[in-house]
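This is what each chain is made of:
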Amino acid sequence: MPEPLSTTELLALDREHVWHPYGPMPGRQEPLVVASASGVRLRPAEPVAGRTELVDGMSSWWAAIHGYNHPVLNDAVRGQLERMSHVMFGGLTHEPAVRLAARLVEITPEPLRHVFLADSGSVSVEVAVKMSLQYWRSLGRPAKRRLLTWRGGYHGDTWQPMAVCDPDGGMHHLWSGALPRHVFADAPPAGFDTEPDPAYTARLRELIARHAHDLAAVIVEPVVQGAGGMRFHHPGLLRVLREACDEHEVLLILDEIATGFGRTGALFAADHAGISPDVMCLGKALTGGYLTMAATLCTSRVAEGISSGEVPVLAHGPTFMGNPLAAAVAGASIDLLLSQDWQAEVKRVEAGLREGLAAAAELPGVRDVRVLGAIGVVQLDHEVDMAAATRAAVGEGVWLRPFRDLVYTMPPYVTGDEDVALICAAVRAAARAG
Ligand SMILES: *Cc1c(COP(=O)(O)O)cnc(C)c1O
């Protein structure tokens, strides 16, 4: 083992060489050095604001639903590591990947039946788009190659996903001239409990009908639009999309990368609406936050269409496809989730967030407070001062990562009531400071 670096050395090298998400080079804000993590706590290499531990309010971007250093998940990785960490997936297969695929088919809505294992959420969206375009091409309708989505979405940072992200929000407008031009509907009316506005749904149906001749698929995040703005909408809108897609021969892709595995209170957000997509993307919490893996699921109709076309293969195959370590821990994470009353846990966290964040509505500069499942959002009426907000949260002993006009949390489901209350205090402090 090399000599450990001091925090000062580490930060100097980080600043010199390491590019961080959504940042310039070198970064403007000094990152926090994490030495270890367990349960719902991150341990900084050196105390920050006098604290040796921070309660994690982010689940490492929705992923670590069971918290860190979980004995069951550690065992799954360790056990697999002793057998093999990786083999290629072309011409070879193995138990962790096969078990995982079968399990995913079992727990996702019927009639999803086939699973393509990708190495990140963005890649799983690329695969979903490729599947959709190729499906129509195989059926002799190559003109159907555009996508329709609603505004306010986020589907990842590679090229195809970027093209269906909100065209005004985020940073992707930079590429508006270079990206494929898709069809955008207005953002879905806000509110999980707000019955769909008939005028909005009529416009949505009309837009799908008008573009049906060149639409391959509609792609949306069901119920919760995450990184595009943390907005919730009524599940009935998904039923409208399902009907319109069926009526006009358009595939429906649901991007459940953020919402999958219980985050919204249903195992999959599609379950709130009782619908099934033709293609579904999963990622983030798939491996319990341990390793990078995502999945694109599709129906037999989609698979058979592709596999009977002029090029009867799906030409995609990441080097680390089906990685055994990731597949093993994903299987263990799903089993762990389903072996407990996870719905009660998510409800408990939801109740804690509702109680703890209610007072934020009274703060100056706060526009909206909303909670759904294990997601709590405080929306400001101005761009958040990220450095000040982060500092305020750390001062309360909590790790948060606000963005745009949002201070939000999606804690691990195992977060205890006192820690949920602490996270809420930190969100309030960050909203005041930011
Ligand atoms: C995070 C996210 C992605 C991208 O996943 P990566 O693993 O970051 O590539 C895509 N869609 C949604 C809804 C996401 O939340």
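Small disclaimer: the values here were computed from a predicted structure and weren't measured.

## As for the overall build of the protein
Phase 1 of the analysis: Looking only at helices and strands, the protein features 14 helices and 16 strands.
Phase 2 of the analysis: C-alpha atoms of the protein, sized along the principal axes, occupy 65 × 55 × 45 Å.
Phase 3 of the analysis: Counting across all 434 residues of the protein, residues that qualify as buried make up 54%.
Phase 4 of the analysis: Sequence-distant contacts in the protein: of pairs separated by 6 or more residues, those separated by 24 or more amount to 71%.
Phase 5 of the analysis: Carbon and sulfur atoms make up 54% of the accessible area of the protein, which totals about 19000 Å².

## With respect to the site of the ligand
Phase 1 of the analysis: In the vicinity of the ligand, the contacting residues are S120, G121, S122, Y154, H155, G156, E221, D255, I257, A258 and K284.
Phase 2 of the analysis: With respect to the ligand, the side chain of K284 contributes an N or O atom lying 2.6 Å from an oxygen atom.
Phase 3 of the analysis: Here the ligand has 380 Å² of accessible area as a free molecule, and 82% of this is covered by the chains.
Phase 4 of the analysis: For the shell around the ligand, the class distribution of residues is 3 nonpolar, 5 polar and 3 charged.

## Quick look at the sheet that holds strand β3 (residues 54-56)
Phase 1 of the analysis: If you trace the 4 strands from one edge of the open sheet to the other, you get β1-β2-β3-β15, paired in mixed fashion. One side of each edge strand has no neighbouring strand; the edge strands of this open sheet are β1 (34-38) and β15 (398-399).
Phase 2 of the analysis: The sheet contact formed by strand β2 (residues 41-44) and β3 spans 2 bridges and is antiparallel. For R41, the partnering residue across the bridge sits in β3 and is V55.
Phase 3 of the analysis: Docked against the sheet, helix α14 (residues 417-433) engages β2, β3 and β15, running at close to 95° with respect to β3.

## Remarks on the pattern of salt bridges
Phase 1 of the analysis: The final tally for this structure, using the stated rule, is 21 salt bridges.
Phase 2 of the analysis: A cluster of three or more residues bridged by salt bridges with shared partners is formed by R41, R43, E53 and D419.

## Section: unusual backbone geometry
Phase 1 of the analysis: The residue after M25, namely P26, is reached through a cis peptide bond having omega -5°.
Phase 2 of the analysis: With respect to the helices, strands and loops of the structure, P26 is situated in the loop between α1 (7-17) and β1.
Phase 3 of the analysis: In this chain, E110 is followed by P111 through a cis amide linkage whose omega measures -5°.
Phase 4 of the analysis: Its location among the elements puts P111 in the loop between α4 (95-107) and β4 (112-118).
Phase 5 of the analysis: Residue M230 is not a glycine yet carries a positive backbone phi of 55°.
Phase 6 of the analysis: Examined against the element boundaries, M230 turns out to sit in the loop between β8 (224-225) and β9 (231-232).
Phase 7 of the analysis: For K284, which is not glycine, the phi dihedral falls at a positive 40°.
Phase 8 of the analysis: If you trace the backbone, K284 turns up in the loop between β11 (279-282) and β12 (294-299).

## Looking at the packing of aromatic side chains
Phase 1 of the analysis: Taken as a whole, this structure holds 4 aromatic pairs when the rule is applied.
Phase 2 of the analysis: Geometrically, the ring pair formed by Y135 and W136 is edge-to-face, given 4.8 Å between the ring centres and 75° between the ring planes.
Phase 3 of the analysis: For W136, a relative accessible area of 3% puts it in the buried group.

## Comments concerning the pairing of β12
Each regular strand shows side chains that alternate between the opposite faces of the sheet.
Phase 1 of the analysis: Taking burial as the measure, the 6 residues of β12 include 6 buried ones, the bulk of the element.
Phase 2 of the analysis: Burial along β12 is two-sided: A294, T296 and C298 facing one way and A295, L297 and T299 facing the other are all buried.
Phase 3 of the analysis: Two elements, β11 and β12, share 4 bridges in a ladder whose sense is antiparallel. Within the sheet, the bridge partner assigned to L282 lies in β12 and is A295.

## Digging into the packing of helix α3 (residues 71-83) against helix α11 (residues 324-338)
Phase 1 of the analysis: The N-to-C vectors of α3 and α11 enclose an angle of 150°; their axes lie 9 Å apart at closest approach. As the angle between them shows, α3 and α11 are arranged roughly antiparallel. In this structure, α3 crosses over α11, and the sense of that crossing is right-handed. Here α3 contributes V72, L73, A76, V77, Q80 and L81 to the contact with α11, which in turn contributes P324, L325, A328, V329, A332, S333 and L336.

## Topic: the environment of W62
Phase 1 of the analysis: By the secondary structure assignment, W62 is in helix α2 (residues 59-62).
Phase 2 of the analysis: Residue contacts for W62: discarding those within four places in its chain leaves V224, G226, M230, A258, R263, K284, A285, I375 and M410.

## Re the pairing of strand β13 (residues 366-372)
Phase 1 of the analysis: The pairing of β13 with strand β14 (residues 375-380) spans 6 bridges and is antiparallel. Paired with D368 across the bridge in β14 is Q379.
Phase 2 of the analysis: The turn linking β13 back onto β14 is made up of 2 residues, and G373 within it adopts a positive phi angle of 55°.

## With respect to the confidence of the model for the protein
Phase 1 of the analysis: Counting all residues, the mean pLDDT for the protein is 97, and 99% of those residues have values of 70 or more.
Phase 2 of the analysis: Taking the mean pLDDT of every element in the protein, the minimum, 94, falls on helix α6 (residues 159-163) and the maximum, 99, on β11.

## Description of the state of the cysteines
Phase 1 of the analysis: As enumerated under the stated definition, the model contains 0 disulfides in all.
Phase 2 of the analysis: With no disulfide of its own, C165 lies closest to C281 among cysteine sulfurs, the gap being 12 Å.
Phase 3 of the analysis: Counting only cysteine sulfurs, C281 is the nearest neighbor of C298, a cysteine outside any disulfide, at a range of 11 Å.
Phase 4 of the analysis: Given the relative accessible area of 4%, C298 is considered buried.

The rules behind each value
Residues numbered from 1 in each chain as written. Predicted model: local features only at pLDDT ≥ 70, side-chain atom pairs only at ≥ 80, totals over all residues. Heavy atoms only, no water. Helix = DSSP H or I, 4+ residues; strand = E, 2+ residues; numbered from the N terminus. Buried < 20%, exposed > 50% of the residue type's maximum accessible area, 1.4 Å probe, protein only. Contact = heavy atoms within 4.5 Å. Areas by Shrake-Rupley, 256 points an atom, 1.4 Å probe, with all protein chains shown as cover. Near = heavy atom within 4 Å. Polar contact = N/O pair within 3.5 Å; in protein donor to acceptor, adjacent residues only side chain to side chain. Nonpolar A, V, L, I, M, F, W, Y, C, P; charged D, E, K, R; others polar. Pairing = 2+ DSSP bridges. Axes fitted to C-alpha atoms, helices over the stretch in contact; angles between N-to-C directions. Salt bridge = Lys/Arg side-chain N within 4 Å of Asp/Glu carboxyl O. Phe/Tyr/Trp six-rings, centres within 6.5 Å; stacked < 30°, edge-to-face > 60°. Parallel < 35°, antiparallel > 145°, perpendicular 65-115°, else oblique. Left-handed = near helix turned anticlockwise from the far one by under 90°. pLDDT = per-residue confidence, 0-100. Disulfide = S-S within 2.5 Å.

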